[in-house]
Amino acid sequence: ECGVNADLSFESCLNACNFIDNVVHFTGSVYSYRFIGCRFIDAQKGIYGINWNNIIDGCLFQNLSDTAIRAIYPDGSNVISNNVFQINGLDIEIGGTDNLIHANQFRTTEKSAIKVVGDSISGLQISNNVAKNCSNEGNNLYAVIDIISPYLAAIIISNNLIRNDGTGKASYAINMNTT
């Protein structure tokens, strides 16, 4: 069951939409999409398969057992900002170049808040985010920000507040693995 399947969709906007109780809320290969003020609640996956030049702003991602946002594409250029992520399996899985993850709140994540993967990661900025109680699945298994790539260039990670108040068990605040 899927809320929206938008393969090869271009320059569209979803504004103030509510997606509740689907297996996958939004899937497809989308370019220059705007997700503004939407709610993605109670599913396995939130936004899955976005490609490049998308903006996700002011959305709520809650109780998604798999991944809230998955955006793995070599060109990237996505902006993920001002969102609230709470009680998800993995909040953001992203790859590619020139992505911005800014001013988000990550609360009680089962694994990592941000996982960056790919053969070549460059132009990534992760800034002004707040992460609280990440890596609740097991002890010391996941970093809050986990970057895994054999090639990293022009990465900025700044002004993020990462803390646990008893329930989070993150292995590291930031893990950068180039193997």
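Below or above, wherever it landed, is the structure these notes cover. Being a predicted model, the structure only gives us computed values, none of them experimental. (Residues numbered from 1 in each chain as written. Predicted model: local features only at pLDDT ≥ 70, side-chain atom pairs only at ≥ 80, totals over all residues. Heavy atoms only, no water.)

With respect to unusual backbone geometry
Logical step 1: Positive phi, normally seen in glycine, also occurs at Asn128, with a value near 55 degrees.
Logical step 2: Mapped onto the fold, Asn128 is located in the loop between strand E17 (121-127) and strand E18 (130-132).
Logical step 3: On the basis of relative accessible area, Asn128 is assigned to the partly exposed category, the value being 37%.
Logical step 4: Backbone geometry at Asn159 places phi at a positive 55 degrees, although glycine is not the residue there.
Logical step 5: Looking at the secondary structure, you find Asn159 in the loop between strand E20 (152-158) and strand E21 (161-163). (Helix = DSSP H or I, 4+ residues; strand = E, 2+ residues; numbered from the N terminus. Buried < 20%, exposed > 50% of the residue type's maximum accessible area, 1.4 Å probe, protein only.)

Re the pairing of strand E16 (residues 114-117)
Logical step 1: Both strand E13 (residues 90-94) and E16 contribute to a ladder of 3 bridges, which runs parallel. Looking across to E16, one finds that Glu93 is bridged to Lys115.
Logical step 2: Bridge analysis of E16 against strand E19 (residues 145-148) gives 4 bridges, and the strand direction is parallel. Paired with Val117 across the bridge in E19 is Ile148. (Pairing = 2+ DSSP bridges.)

Comments concerning the sheet that holds strand E3 (residues 13-15)
Logical step 1: Strand order in the open sheet made by the 7 strands is E3-E7-E9-E11-E14-E17-E20, with parallel pairing throughout. Each of the sheet's edge strands pairs with one partner strand only, and the pair in question is E3 and E20. Strand-to-strand twist of the sheet, defined as the mean angle between neighbouring strand axes without regard to direction, takes the value 5 degrees.
Logical step 2: As defined by bridge partners, E17 adjoins E20 across 6 bridges and the pair is classed as parallel. Counterpart to Ser127 in the pairing with E20 is Ser158. (Axes fitted to C-alpha atoms, helices over the stretch in contact; angles between N-to-C directions.)

What to know about the state of the cysteines
Logical step 1: Counting across every chain of the model gives 0 disulfides.
Logical step 2: No disulfide involves Cys17; its sulfur sits 4.4 Å from that of Cys38, the nearest cysteine.
Logical step 3: Classification of Cys38 as buried rests on a relative accessible area of 1%. (Disulfide = S-S within 2.5 Å.)

Concerning the pairing of E17
Logical step 1: Judged by how many residues are buried, E17 sits mostly within the fold: 5 of 7 residues are covered.
Logical step 2: Relative to E17, strand E14 (residues 100-102) is paired through 3 bridges, and the arrangement is parallel. Across the sheet, residue Ile101 finds its bridge partner in E17, namely Ile126.

Some thoughts on the pattern of salt bridges
Pairs may arise between side chains of opposite charge once their charged atoms sit close together.
Logical step 1: Under the criterion given, the structure shown has 2 salt bridges.
Logical step 2: Taking the shortest distance from any N to any O, the salt bridge between Lys45 and Asp66 comes out at 4.0 Å. Residue Lys45 is found in strand E8 (residues 39-48), and its partner Asp66 is found in strand E10 (residues 60-71); the two are separated by 21 residues along the sequence.
Logical step 3: For Lys45, a relative accessible area of 17% translates into the label buried.
Logical step 4: Here Arg70 ties to Glu93 by a salt bridge, and the two come within 3.3 Å at their closest N and O atoms. With Arg70 in strand E10 and Glu93 in strand E13, the pair connects residues that are 23 residues apart, well separated along the chain.
Logical step 5: Relative accessible area serves as the criterion here: at 28%, Arg70 is assigned to the partly exposed category. (Salt bridge = Lys/Arg side-chain N within 4 Å of Asp/Glu carboxyl O.)

Some details on the environment of Asn51
Logical step 1: If you trace the backbone, Asn51 turns up in the loop between E8 and strand E9 (55-57).
Logical step 2: Of the residues examined, Asn51 reaches a relative accessible area of 7% and is grouped as buried.
Logical step 3: Along the primary structure Asn51 and Tyr31 are separated by 20 residues, whereas in three dimensions their C-alpha atoms are 5.9 Å apart.
Logical step 4: Apart from the residues lying within four places of it in its own chain, the contact partners of Asn51 are Ser29, Val30, Tyr31, Tyr73, Gly76 and Asn78.
Logical step 5: A polar atom in the side chain of Asn51 sits 3.3 Å from the side chain of Tyr31. (Contact = heavy atoms within 4.5 Å. Polar contact = N/O pair within 3.5 Å; in protein donor to acceptor, adjacent residues only side chain to side chain.)

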